[in-house]
Amino acid sequence: MCASFRALSTARVRTRALLSLALRLASLRSPAQNGINTALKETAGASAVVIAFASFAISTVAIVSAAIIHRPACDFSLLGMPWYAYCGGLLGSGYVFGAVYLTDQLGFAVFTICMILGQILVSLACDVTGFLAEARRIPSTMRIVAIVGVFVGAALISLDNFEGGSALTAKPPALVGLLLLGGIVTGSGMPVQALLNGVATRHLGTPFRASALSFAGGTLVLGSISAVAALDVHARANGVPC
């Protein structure tokens, strides 16, 4: 029995280590994605909405391909899902658009820490309230200290940008405050999106199908906005009153 217990404990430690490594690797995705999208925006000279649409469209092709390849033998129904499970793509598209626009306005460091702050605050609220039937978790003292640390970090980095003569110093304080708030709001949608995609996964059977649905919805939203914006630009260029 002792040998079985040690084997089980070792397996749990390895699983936690792998999950921790996966989370750290996943955390590198957002800054890299923001950098690529910002570079694409500067190179192509397109608007943030168009760049977000292009990013989502490419991601949709990739995840739909993965969902087609990974086809487990389980029944699923789109009609059986609650309405809010379809809203994950809307929040995802809002994040990509906000990241493209705000990274250009705030810089990578300030936007990223504001985004993380929004993620932590909403994640904490979801844990406390048991949002979408998740297990309720009361925040520990360590978590509260960590949140305060993120607040302090956000304030210090913002002040350093002002004292260092960055582009933020040329903006009115009220506008800077709105941009910082925008970064927090942009990050706050990600935990909710993860929970909504979790609901979709339980109904569709695999995370690939849920992600494909989420990305397809976000692509549709951003594509529609991009089309309307393109028509408006075309109308203004031809002197058509809007």
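Everything that follows concerns the structure shown earlier in this document.
Residues numbered from 1 in each chain as written. Predicted model: local features only at pLDDT ≥ 70, side-chain atom pairs only at ≥ 80, totals over all residues. Heavy atoms only, no water.

Participant: Sorry, what's going on with the overall build of the chain here?
Facilitator: In terms of regular secondary structure, the chain is built from eight helices and zero strands. Walking the chain from its N terminus toward its C terminus, one meets helices and strands in the order α-α-α-α-α-α-α-α. Across the 242 residues of the chain, 33% fall into the buried class. Considering only contacts within the chain whose residues lie at least 6 apart along the sequence, 79% involve residues at least 24 apart. Approximately 14,400 Å² of the chain is accessible, and the part contributed by carbon and sulfur atoms is 71%. (Helix = DSSP H or I, 4+ residues; strand = E, 2+ residues; numbered from the N terminus. Buried < 20%, exposed > 50% of the residue type's maximum accessible area, 1.4 Å probe, protein only. Contact = heavy atoms within 4.5 Å. Areas by Shrake-Rupley, 256 points an atom, 1.4 Å probe, with all protein chains shown as cover.)

Participant: So what exactly am I meant to see when it comes to the pattern of salt bridges here?
Facilitator: Pairing is possible between side chains that carry opposite charge, provided their charged atoms lie close to one another. One pass over the full model with this rule turns up one salt bridge. Put simply, arginine 137 and aspartate 127 hold a salt bridge, and the shortest N to O gap is 3.6 Å. Taken together, the positions of arginine 137 in the loop between α5 (108-129) and α6 (141-163) and aspartate 127 in helix α5 put the pair 10 residues apart, joining distant regions of the chain. When its relative accessible area of 40% is taken as the criterion, arginine 137 is described as partly exposed. (Salt bridge = Lys/Arg side-chain N within 4 Å of Asp/Glu carboxyl O.)

Participant: Can you walk me through helix α3 (residues 48-69) in this structure?
Facilitator: Along an α-helix, residues three or four positions apart point the same way, because every turn accommodates 3.6 residues. If you check α3, its first and last C-alpha atoms are 32 Å apart, about what 22 residues at 1.5 Å a residue would give, namely 32 Å. Taken residue by residue, α3 has Ala48, Val49, Ile51, Ala52, Ser55, Phe56, Thr60, Ile63 and Ala67 as its buried positions. (Expected span 1.5 Å × (residues − 1).)

Participant: What's the story with a nonpolar patch on the surface in this structure? I'm lost.
Facilitator: A cluster of nonpolar residues, Leu121, Ile144, Val148, Phe151, Val152 and Leu156, forms a patch on the protein surface that exposes about 510 Å² of accessible area. Tracing the backbone shows valine 148 in helix α6. (Patch = residues over 30% accessible without salt bridge, like charges linked within 9 Å, V, L, I, M, F, W, Y side chains within 5 Å.)

Participant: Help me out: how do you make sense of the packing of α3 against helix α4 (residues 88-106) in this one?
Facilitator: A pair of packed helices can be characterised by two numbers: the angle between their axes and the separation between those axes. For the pair α3 and α4, interaxial distance at closest approach is 9 Å and the crossing angle is 125°. Between α3 and α4, the crossing angle belongs to the class labelled oblique. When you trace α3 past α4, the crossing you get is right-handed. Facing α3, whose interface residues are Ala48, Val49, Ile51, Ala52, Ser55 and Phe56, α4 presents Gly89, Gly92, Ser93, Val96, Phe97, Val100 and Tyr101. Looking at the contact of α3 with α4 residue by residue, the class counts come to nine nonpolar, four polar and no charged. (Axes fitted to C-alpha atoms, helices over the stretch in contact; angles between N-to-C directions. Parallel < 35°, antiparallel > 145°, perpendicular 65-115°, else oblique. Left-handed = near helix turned anticlockwise from the far one by under 90°. Nonpolar A, V, L, I, M, F, W, Y, C, P; charged D, E, K, R; others polar.)

Participant: Got a minute to help me understand the packing of aromatic side chains in this structure?
Facilitator: For any pair of aromatic rings, geometry is given as the distance between the ring centres together with the angle between the planes. The tally for this structure, following the rule as stated, stands at three aromatic pairs. Here phenylalanine 56 and phenylalanine 215 contribute two aromatic rings whose centre-to-centre distance is 5.1 Å and whose plane-to-plane angle is 40°, an arrangement assigned as tilted. Here the residue phenylalanine 56 occupies a position in helix α3, and phenylalanine 215 occupies one in helix α8 (residues 207-237), the gap between them amounting to 159 residues. Here the aromatic rings of tryptophan 83 and tyrosine 84 are separated by 5.7 Å at their centres, their planes lie at 80°, and the arrangement is edge-to-face. (Phe/Tyr/Trp six-rings, centres within 6.5 Å; stacked < 30°, edge-to-face > 60°.)

Participant: Looking at this model, I keep getting lost on the environment of serine 47. Mind explaining?
Facilitator: Positionally, serine 47 belongs in the loop between α2 (29-44) and α3. In this structure the C-alpha to C-alpha distance between serine 47 and serine 226, which are 179 residues apart in sequence, comes to 8.9 Å.

Participant: Help me understand helix α7 (residues 173-204) in this model?
Facilitator: Taking 1.5 Å per residue as the helical rise, α7 with its 32 residues ought to reach 46 Å, and the 47 Å between its terminal C-alpha atoms agrees with that figure. Following α7 by one or two positions, glycine 205 adopts a phi angle in the positive range, close to 95°.

Participant: Can you walk me through the packing of α5 against α7 in this structure?
Facilitator: Here α5 crosses α7 at 45°, and the two axes come no closer than 6 Å. In terms of orientation, α5 lies oblique with respect to α7. Relative to α7, the crossing made by α5 is right-handed. Taken together, the residues of α7 that come into contact with α5 (itself represented by Val110, Phe111, Cys114, Met115, Leu117, Gly118, Gln119, Val122, Ser123 and Cys126) are Leu180, Gly183, Ile184, Thr186, Gly187, Ser188, Met190, Pro191, Val192 and Leu195. Classifying every residue of the contact of α5 with α7 gives 13 nonpolar, seven polar and no charged.

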